[in-house]
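Residue strings, one per chain:
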Amino acid sequence: MALQCHLQMIRAYSIQIKAMEKRLLREMQPRPEMEYLKSSLGIGDILALTIALETGNIERFKGPGNTASYSIVARKALAHKLARACYWMMKKQQAFDETLIFG
């Protein structure tokens, strides 16, 4: 009973998240650096936009170490993607399939 309730909540949240992501992409102006970010496996439209907006002007950082310590959002977003992959691996009882997390 509790498991069914949790699954229903996950489905409802997933629908809401997808709707919010669609609206965000529709309303936000694309940034040139997003295309470079999206060339990396695992970075799609939403994560690229999040990183670009969170980072701002890259020239304000001395190097990659400074950017990495600043980018907590990127780590959380990747952790979220990993958690989703783990969910589907356990749910479907299948080995890791990168198309489920990076598709």
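Source: prediction; values computed, not measured.

About the thresholds
- Residues numbered from 1 in each chain as written.
- Predicted model: local features only at pLDDT ≥ 70, side-chain atom pairs only at ≥ 80, totals over all residues.
- Heavy atoms only, no water.
- pLDDT = per-residue confidence, 0-100.
- Helix = DSSP H or I, 4+ residues; strand = E, 2+ residues; numbered from the N terminus.
- Patch = residues over 30% accessible without salt bridge, like charges linked within 9 Å, V, L, I, M, F, W, Y side chains within 5 Å.
- Areas by Shrake-Rupley, 256 points an atom, 1.4 Å probe, with all protein chains shown as cover.
- Salt bridge = Lys/Arg side-chain N within 4 Å of Asp/Glu carboxyl O.
- Buried < 20%, exposed > 50% of the residue type's maximum accessible area, 1.4 Å probe, protein only.
- Polar contact = N/O pair within 3.5 Å; in protein donor to acceptor, adjacent residues only side chain to side chain.

Here's the deal with the confidence of the model for the chain
The predicted structure's coordinates, where accompanied by low pLDDT, should not be read in detail.
(1) Moving on: Averaged over all residues, the pLDDT of the chain equals 79, while 79% of them reach at least 70.
(2) Moving on: Ranking the elements of the chain by mean pLDDT puts helix α6 (residues 98-102) last with 58 and helix α1 (residues 2-27) first with 89.

Digging into a nonpolar patch on the surface
(1) Moving on: Among the surface-exposed residues, Met9, Tyr13 and Ile17 lie close enough to one another that they form a single nonpolar patch of about 280 Å² accessible area.
(2) Moving on: The topology assignment puts Met9 in helix α1.
(3) Moving on: Look at Met9 and you get partly exposed, because its relative accessible area is 37%.

A look at the environment of Glu33
(1) Moving on: With respect to the element layout, Glu33 can be found in helix α2 (residues 33-38).
(2) Moving on: Considered as a pair, Glu33 and Ile51 are 18 residues apart in the sequence and their alpha carbons are 9.5 Å apart.
(3) Moving on: Side chain to side chain, Glu33 and Arg31 meet in a polar contact 3.1 Å long.

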